[in-house]
Amino acid sequence: MTAPNPPESASATTVSPSASNRPHDLIVIGGGPAGYMAAITAAEFGVQRVLVLEGTPEALQKVRISGGGRCNVTHACWDPGELVTHYPRGSRPLRGPFSRFACGDAISWFDDHGLTLVAEADGRMFPEQNRSEAVIQCLQRAAVAAGVELRTRAMVQEVVAEPAGGFVLNGRGLTAPLRAQKLMLATGGHPSGRRLAQSLGHNLVPPVPSLFSLSLQAPALAACSGIAVDEVGLDLKLGDQRFRQLGRVLITHRGLSGPATLRLSAFAARALHQRHYTGELKVDWSAGLGRSGVEARLQDFRRQQARRTLAAAKPFEHLPRRLWQAFLKEVDLNAERRWADLPLKAERQLVEVLVGQRLLIQGRGPFGEEFVTAGGVELGEINLATMESRRVSGLHLAGELLDVDGVTGGFNFQACWTGGWLAGQAIAAALQ
Ligand SMILES: Cc1cc2nc3c(=O)[nH]c(=O)nc-3n(C[C@H](O)[C@H](O)[C@H](O)COP(=O)(O)OP(=O)(O)OC[C@H]3O[C@@H](n4cnc5c(N)ncnc54)[C@H](O)[C@@H]3O)c2cc1C
């Protein structure tokens with residue numbers, strides 16, 4: 001799913017008349033999680049006139065749709081060294097920022113602001129109310145309490161960095177140019193923000209999608225749509241690059257999705273893009289049994305279940321019956337045949353399918369559980385202790401606009417909370 005885009009034409013919501021004339025201490029472009037966190041933190045640390053400009057009619061829209069409407073806010077991960085392994089892009093550079101504000105700090109931050117986060121068995125953390133609306137309300141309450149002003153339908157199209165310091169902003173929905181001492185760019189994956197960053201002298205790593213399901217040439221699997229299987233091994237070789245994941249997959253009517261597939265797509269995002277989303281995926285359905293374990297299990301069944309049919313006696317408990325039957329069909333085996341009559345050739349083919357089914361990737365699925373953009377402003381151009389641009393003094397950047405992205409599990413929001421908090425704090429320190 002793509003991000004909702006700011007509309008082509010929009011008008012500003014009401015704002016106090018003085019706001020347009022006097023320079024703001026801080027203007028944040030982008031009313032998403034990274035922008036909100038930066039604005040609230042700066043204001044709570046003493047910055048007086050903080051304005052958030054949001055291009056759409058409503059801020060925090062991605063938070064609303066996130067995590068299937070539940071918002072996976074962060075992850076129960078306490079070690080920054082482990083945390084960085086969940087970021088296909090930005091892993092090493094994020095060590096510093098995470099050593100200052102990581103998952104535990106985000107959990108405490110939300111707790112201090114009246115929102116309890118609860119961990120699920122797999123580590124994903126959601127609001128106690130289990131609704132993304134609770135996260136939105138928490139952020140909005142905190143912004144109001146800190147005195148942060150929000151203007152929606154304000155689409156910034158031009159930013160000029162003044163030689164003596166400070167910024168002048170123009171755009172749709174702004175009746176007059178706005179001035180700010182400090183500027184925060186937190187425009188997510190939206191192209192207009194990348195254009196603004198470029199116009200201010202930043203280099204961009206070309207954006208490509210990340211976290212998507214795979215569309216596969218696998219007619220037999222299509223009949224198993226809706227089935228989820230654990231401990232599935234995925235092995236993707238693209239040229240001299242190899243990507244492997246082990247975990248839960250969900251069979252869809254077009255191919256594969258689920259956590260392991262999304263993680264694979266994230267780590268292989270750029271390589272798959274270069275190959276126009278084609279390649280051969282090897283799938284190991286044996287849940288760790290491996291070739292010898294699968295061979296042994298089939299031979300046991302041939303002996304011990306000799307009189308029963310292949311359909312009736314399923315040798316692998318972890319495989320749902322519908323999927324087992326799809327595998328039988330794939331190797332042209334009549335499911336009503338008895339185990340004793342299983343031809344050796346078919347048995348070998350079955351082993352191949354179970355430990356290394358080869359499926360052709362035909363494209364990228366349209367719906368990702370989470371969809372983020374890989375690429376963006378190069379991290380080398382940012383001081384990651386303050387999130388300040390190394391090119392333009394007084395300009396800070398955070399969130400998806402940067403060349404940072406995580407796998408599913410709350411890691412993308414965590415990068416926003418971390419970057420936004422570091423930026424807000426540094427801006428407050430600089431203004432004092
Ligand atoms: C369907 C879906 C589900 C997701 N679920 C999760 C999840 O559960 N957990 C997780 O960690 N991540 C999730 N993500 C990813 C997460 O939403 C993003 O990583 C995150 O929102 C990025 O935050 P951001 O503040 O950088 O940008 P955004 O959230 O995209 O916010 C940027 C804002 O800036 C505005 N804007 C852009 N350009 C301008 C401009 N020129 N002027 C004014 N305003 C502008 C945009 O309208 C937008 O509101 C999900 C993503 C999707 C699409």
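Here, residues in each chain are numbered from 1, in the same order as that chain's written sequence. The predicted origin of the model limits local features to residues at a pLDDT of at least 70 and limits the giving and counting of side-chain atom pairs to 80 or more, whereas totals for whole chains, interfaces and linings rest on all residues.

### Quick look at the overall build of the chain
Next, step 1: Secondary structure elements follow DSSP: runs of H or I of four or more residues count as helices, runs of E of two or more count as strands, with numbering from the N terminus. Assigned secondary structure in the chain consists of 15 helices and 20 strands.
Next, step 2: Referenced to the eigenvectors of the C-alpha coordinate spread, the extents of the chain come out at roughly 85 × 40 × 35 Å.
Next, step 3: When the 432 residues of the chain are sorted by exposure, 48% land in the buried category.
Next, step 4: Pairs at least 24 apart in sequence give 76% of the contacts found in the chain among residues at least 6 apart. Counting other C-beta atoms within 10 Å of a residue's C-beta gives its exposure: the residue is buried at 20 or more, exposed at 12 or fewer, and partly exposed in between, where C-beta atoms are placed from the backbone. A pair of residues counts as a contact when their C-beta atoms, built from backbone coordinates, are separated by no more than 7 Å.

### Considerations on the domain arrangement of the chain
Next, step 1: For the chain, the assigned domains read domain 1 (18-209 + 370-431) and domain 2 (212-367).
Next, step 2: Where a domain begins and ends is set by an automatic assignment or by a domain database. Distance from the C-alpha centre of domain 1 to the C-alpha centre of domain 2: 40 Å.
Next, step 3: Contacts between the two partners involve 8 residues from domain 1, matched on the other side by 10 residues from domain 2.
Next, step 4: Split into classes, the residues belonging to the side of domain 1 that touches domain 2 amount to 6 nonpolar, 1 polar and 1 charged. Here the nonpolar group is Ala, Val, Leu, Ile, Met, Phe, Trp, Tyr, Cys and Pro; Asp, Glu, Lys and Arg are the charged ones; every other residue, Gly included, is treated as polar.

### Description of the packing of helix H2 (residues 33-44) against helix H15 (residues 411-431)
Next, step 1: Between the N-to-C directions of two axes lies an angle of 0 to 180 degrees, each axis being a line fitted to C-alpha atoms and, for a helix, fitted only over the stretch in contact. Relative orientation of the contacting elements H2 and H15 amounts to 30 degrees, with a least axis distance of 7 Å. As the angle between them shows, H2 and H15 are arranged roughly parallel. The hand of the H2/H15 crossing is right-handed. Residue-level inspection shows Pro33, Ala34, Gly35, Tyr36, Met37, Ala38, Ala39, Ile40, Thr41 and Ala42 of H2 in contact with H15, the latter providing Phe413, Cys416, Trp417, Gly419, Gly420, Trp421, Ala423, Gly424, Gln425, Ile427 and Ala428.
Next, step 2: By residue class, the composition of the contact of H2 with H15 is 15 nonpolar, 6 polar and no charged. Oblique is the label for any angle not under 35 degrees, not over 145, and not in the 65 to 115 range, which are roughly parallel, roughly antiparallel and roughly perpendicular in turn. Left-handed describes a crossing whose near helix is turned anticlockwise from the far helix by less than a right angle; the clockwise case is right-handed.

### Quick word on the pairing of strand S11 (residues 214-217)
Next, step 1: Of the strand pairs in this sheet, S11 and strand S14 (residues 255-257) are connected by 2 bridges, and their pairing is antiparallel. Directly across from leucine 214, in S14, lies its bridge partner leucine 256. Two strands qualify as a pair provided that DSSP identifies no fewer than 2 bridges between them.

### Comments concerning helix H7 (residues 132-146)
Since there are 3.6 residues in each turn of an α-helix, residues three or four apart along the chain are aligned in direction.
Next, step 1: Under the convention used throughout, the expected extent of a helix is 1.5 Å for every residue step, that is, one less than its residue count. The end-to-end C-alpha separation of H7 is 21 Å, in line with the 21 Å expected for 15 residues at 1.5 Å each.
Next, step 2: Listed in full, the buried residues belonging to H7 are Ser132, Ala134, Val135, Ile136, Cys138, Leu139, Ala142 and Ala143.
Next, step 3: Positive backbone phi, approximately 85 degrees, marks glycine 147, located one or two places after H7.

### So, the nonpolar core
Next, step 1: Counting 126 residues, the largest nonpolar core has Ile27, Ala38, Ala39, Leu185 and Leu397 as the members making the most contacts within it.
Next, step 2: Per-element accounting of this core gives the leading share, 11 residues, to H15.
Next, step 3: Split by domain, this core shows at least three residues from each of two domains, domain 1 (18-209 + 370-431) and domain 2 (212-367).
Next, step 4: Discounting chain neighbours no more than four positions away, the residues touching isoleucine 27 are Leu51, Leu53, Leu169, Leu178, Ala180 and Leu183. Any nonpolar core is a set of buried residues, restricted to Ala, Val, Leu, Ile, Met, Phe, Trp, Tyr and Cys, that join up through C-beta atoms within 7 Å.

### Some remarks on the sheet that holds strand S12 (residues 228-238)
Next, step 1: Ordered by their spatial adjacency, 6 strands build a closed barrel running S11-S14-S13-S12-S15-S16, and the pairing between neighbours is antiparallel. Averaged over all pairs of adjacent strands, the angle between strand axes in this sheet comes to 45 degrees, irrespective of strand direction.

### Things to note about the confidence of the model for the chain
The predicted coordinates of low-pLDDT regions are not to be read in fine detail.
Next, step 1: On average, the chain scores 93 in pLDDT, and the residues at 70 or more come to 94%.
Next, step 2: Confidence of the predictor at the level of single residues is captured by pLDDT, which takes values from 0 to 100. Note on residues 1-19: pLDDT is under 50 here. Beyond four places in sequence and across chains, it has 37 contacts.

### Observations regarding the sheet that holds strand S4 (residues 117-119)
Next, step 1: In spatial order, the strands read S3-S5-S4; together these 3 strands make up an open sheet with antiparallel pairing. In this open sheet, the two edge strands, each paired with only one partner strand, are strand S3 (74-75) and S4.
Next, step 2: For S3 and strand S5 (residues 124-127), the ladder comprises 2 bridges, and the chain directions are antiparallel. Residue pairing across strands places histidine 75 opposite arginine 124, the latter belonging to S5.

### Points about unusual backbone geometry
Next, step 1: With a phi close to 55 degrees, glutamate 231 is a non-glycine residue in the positive phi region.
Next, step 2: Within the secondary structure layout, glutamate 231 lies in strand S12.
Next, step 3: For glutamate 231, a count of 16 C-beta atoms within 10 Å puts it in the partly exposed group.
Next, step 4: Backbone geometry places tyrosine 277, a non-glycine residue, at a positive phi of 60 degrees.
Next, step 5: Owing to 18 C-beta atoms within 10 Å, tyrosine 277 belongs among the partly exposed residues under this scheme.

### Comments concerning the site of the ligand
Next, step 1: As used in this record, a residue near a molecule or strand is one whose C-beta atom, placed from the backbone, is within 6 Å of it. Looking at the ligand, there are 41 residues lining it, with Gly30, Gly32, Gly67, Gly188 and Gly399 nearest.
Next, step 2: Listing elements by their share of the shell around the ligand, those giving two or more residues are H2, helix H3 (61-65), strand S7 (155-161), helix H8 (191-199) and H15.
Next, step 3: With 4 residues, H15 is the largest single contributor of residues to the shell around the ligand.
Next, step 4: Its residues placed into classes, the shell around the ligand shows 18 nonpolar, 19 polar and 4 charged.

### Some points on the environment of leucine 183
Next, step 1: For leucine 183, the location among the structural elements is in strand S9 (residues 178-185).
Next, step 2: For leucine 183 and glycine 67, which are 116 residues apart along the polypeptide, the C-alpha to C-alpha distance reads 30 Å.
Next, step 3: When neighbours within four sequence positions are excluded, leucine 183 is seen to be in contact with Ile27, Val159, Phe167, Gly394 and Leu395.

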